[in-house]
Amino acid sequence: MEAPFRCGYVALIGFPNVGKSTLLNRLVGEKLAITSPKPQTTRHRLLGIVHRPGAQLLLLDTPGILEPKGPLNAALLEAALGALADADVVVWLTEPRPPDPQDRLLMPRLKALPQPLVVAVNKIDLVRKPELLPLMAALHESFPQAAIVPLCALTGDGVEDLVAEIISRLPAAPPLYPEDQLTDQSERFLVAELIRERLFHHTGEEIPYAVAVAIEEFDESRRPELVRIRAVIYVEKESQKGIVIGKGGKLLKIIGQEAREDIERLLQSKVYLELWVKVWKNWRRDPKAVRRLGY
Ligand SMILES: Nc1nc2c(ncn2[C@@H]2O[C@H](COP(=O)(O)OP(=O)(O)OP(=O)(O)O)[C@@H](O)[C@H]2O)c(=O)[nH]1
Ligand SMILES: [Mg+2]
């Protein structure tokens with residue numbers, strides 16, 4: 001008899017910046033999740049559908065787990081923990097370093113999970129084998145029932161080993177999505193995220209965290225010839241608006257150009273992108289604004 005098809009939800013959790021979104025993109029084979037060297041890049045739970053022979057993994061990328069400070073962080077933590085509740089398998093993504101106090105807070109929670117756990121140690125390109133082996137052994141001691149998989153999401157090293165460990169823990173179930181579907185998010189959402197990613201890369205200090213992007217117009221009546229998009233970048237203060245626009249509009253122009261190229265790749269169409277910057281005073285501290293902006 002043939003092995004049954006396996007399908008289920010897989011929650012990808014871990015601290016900010018460990019590479020969860022990079023791993024999701026690598027597994028899906030498409031840039032769905034935005035990534036950056038700065039922590040707290042991801043703000044939503046994002047579904048990435050991974051198709052493999054005989055299995056479908058419904059991978060949930062989550063915002064990095066942090067102690068909540070303010071309504072935005074509380075919403076991010078909520079999204080991360082909500083993904084846990086829905087998951088058939090939990091993947092804890094971590095970095096190759098000894099556990100720090102934050103890990104110690106999370107570890108009891110992971111041990112108490114009712115679902116099967118896979119511990120994935122990312123960024124192994126940054127350490128040498130003699131350093132990695134004792135870390136793996138310590139993790140094995142802490143989580144004797146879990147599979148422990150070293151990998152590098154950037155190069156893809158070890159990621160198919162992770163896939164195999166996940167699949168062996170998924171329930172037997174038919175696929176939930178057709179083979180050509182990679183996410184359940186709308187193109188509008190993915191477009192807003194691509195713009196936000198460029199802001200993360202080109203601004204510093206508090207600015208990446210003070211921006212939110214809203215799509216005001218998405219006209220695809222002439223697609224694939226042209227898609228017209230108008231987006232608003234919200235910041236919290238007048239001074240931030242000036243920085244995002246840049247001298248003579250220079251920075252906004254660069255952000256717009258780079259975002260447009262990414263969006264054209266995503267939509268497989270020429271794109272006309274219009275960007276506006278507006279101030280929404282202290283939106284992160286206003287629960288209503290946080291909700292209105294989609295968090
Ligand atoms: N050297 C190395 N860097 C990596 C690897 N995987 C991811 N990174 C880098 O780590 C940084 C964070 O990656 P993200 O994928 O945005 O991390 P995240 O866990 O989604 O972060 P949050 O969304 O903020 O929680 C980026 O600069 C990535 O390029 C890896 O295997 N090796
Ligand atoms: Mg992320």
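A. Focus on the pattern of salt bridges. According to the stated counting rule, one finds 18 salt bridges in the structure shown. Among the salt bridges present, the one from arginine 97 reaches aspartate 100, with a minimum N-O distance of 3.7 Å. Classification of arginine 97 as partly exposed rests on a relative accessible area of 28%. The closest approach of N and O atoms between glutamate 236 and arginine 284, which form a salt bridge, is 2.9 Å. One end of the pair, glutamate 236, is in the loop between strand E8 (226-235) and helix H8 (238-245); the other, arginine 284, is in the loop between strand E9 (271-279) and helix H10 (287-292), and 48 residues separate them in sequence. Glutamate 236 sits in the buried class, given a relative accessible area of 7%. On the basis of relative accessible area, arginine 284 is assigned to the partly exposed category, the value being 23%. It is possible to trace a salt-bridge network through shared partners that takes in Lys31, Glu197, Arg198, Glu258, Asp262 and Arg265.

B. Geometry of the pairing of strand E7 (residues 212-222). The pairing of E7 with E8 spans 8 bridges and is classified as antiparallel. Counterpart to glutamate 217 in the pairing with E8 is arginine 230. Joining the antiparallel neighbours E7 and E8 is a turn of 3 residues.

C. View of the nonpolar core. If you look at the biggest cluster of nonpolar residues, it comprises 64 residues, and the most contacted ones within it are Leu23, Leu57, Trp92, Leu117, Phe143 and Leu162. Contacts of tryptophan 92, omitting those with residues within four sequence positions, involve Ile13, Gly14, Asp103, Leu106, Met107, Leu110, Leu117, Val118, Val119, Ala120, Leu139 and Phe143. Formed by 27 residues, the second largest nonpolar core is a distinct cluster that contains Ile34, Val191, Phe218 and Ile229.

D. Inspection of the coordination of the magnesium ion (ligand 2) at higher detail. Taken together, Ser21 (OG) and Thr42 (OG1) make up the full set of protein donors to the magnesium ion (ligand 2), lying 1.9 to 2.1 Å away. Of this pair, serine 21 sits in helix H1 (residues 20-28) while threonine 42 sits in the loop between H1 and strand E2 (46-52), placing them 21 residues apart in sequence. Residue class for serine 21 comes out buried when judged on its relative accessible area of 7%. Overall, the relative accessible area of 13% leaves threonine 42 in the buried class.

E. Region of the structure containing the environment of threonine 94. Mapped onto the elements, threonine 94 comes out in strand E4 (residues 89-94). On a C-alpha basis, the gap between threonine 94 and glutamate 216 in space is 37 Å, while along the polypeptide they are 122 residues apart. Every residue in contact with threonine 94, bar those within four places of it in the chain, is listed here: Val18, Val119, Ala120, Val121 and Asn122.

F. Seen up close, the layout of surface pockets. Here the largest pocket defines a volume of roughly 530 Å³. Looking at the largest pocket, it is lined by 28 residues, and the ones nearest its centre are Gly19, Ser21, Thr22, Thr35 and Ser36. When the residues that make up the lining of the largest pocket are grouped by side-chain class, the tally is 10 nonpolar, 13 polar and 5 charged.

G. Structural detail: the site of ligand 1. The local shell around ligand 1 holds 23 residues, among which Lys20, Thr22, Gln40, Thr41 and Thr42 are the closest. Proline 37 is positioned such that a nitrogen or oxygen atom in its backbone is 3.5 Å from an oxygen atom of ligand 1. Contact distances for ligand 1 include 3.4 Å between an oxygen atom and a backbone N or O atom of leucine 154. A total of 660 Å² of accessible area belongs to ligand 1 in isolation, and the protein chains cover 90% of it. Its residues assigned to classes, the shell around ligand 1 comprises 8 nonpolar, 11 polar and 4 charged.

H. Representation of the environment of serine 239 in the model. Tracing the chain through its elements places serine 239 in helix H8. Here serine 239 falls in the partly exposed class, since its relative accessible area comes to 47%. Considering only alpha carbons, one finds serine 239 and valine 279, 40 residues apart in sequence, at a separation of 9.4 Å.

I. Broad picture of the domain arrangement of the chain. Along its sequence, the chain is carved into domain 1 (6-167) and domain 2 (187-292). Contacts between the two partners involve 17 residues from domain 1 and, on the opposite side, 20 residues from domain 2. Buried surface at the junction of domain 1 and domain 2, both sides included, amounts to about 1,600 Å², of which 61% is carbon and sulfur. Across the domain 1-domain 2 interface, the total number found is 1 salt bridge.

Criteria and thresholds
- Residues numbered from 1 in each chain as written.
- Chains lettered and ligands numbered in written order.
- Predicted model: local features only at pLDDT ≥ 70, side-chain atom pairs only at ≥ 80, totals over all residues.
- Heavy atoms only, no water.
- Salt bridge = Lys/Arg side-chain N within 4 Å of Asp/Glu carboxyl O.
- Buried < 20%, exposed > 50% of the residue type's maximum accessible area, 1.4 Å probe, protein only.
- Helix = DSSP H or I, 4+ residues; strand = E, 2+ residues; numbered from the N terminus.
- Pairing = 2+ DSSP bridges.
- Core = buried A, V, L, I, M, F, W, Y, C linked by side-chain atoms within 4.5 Å.
- Contact = heavy atoms within 4.5 Å.
- Donors = N, O, S within 2.8 Å, 3.2 Å for Na, K, Ca; no water.
- 1 Å grid on protein atoms, 1.4 Å probe; cavity = no way out; pocket = protein on both sides within 12 Å on 5 of 7 lines; lining within 4 Å.
- Points joined across faces, edges and corners; volume = space filled by probe spheres on them.
- Nonpolar A, V, L, I, M, F, W, Y, C, P; charged D, E, K, R; others polar.
- Near = heavy atom within 4 Å.
- Polar contact = N/O pair within 3.5 Å; in protein donor to acceptor, adjacent residues only side chain to side chain.
- Areas by Shrake-Rupley, 256 points an atom, 1.4 Å probe, with all protein chains shown as cover.
- Domains from an automatic or database assignment.
- Buried area = accessible area lost by both parts, 1.4 Å probe.

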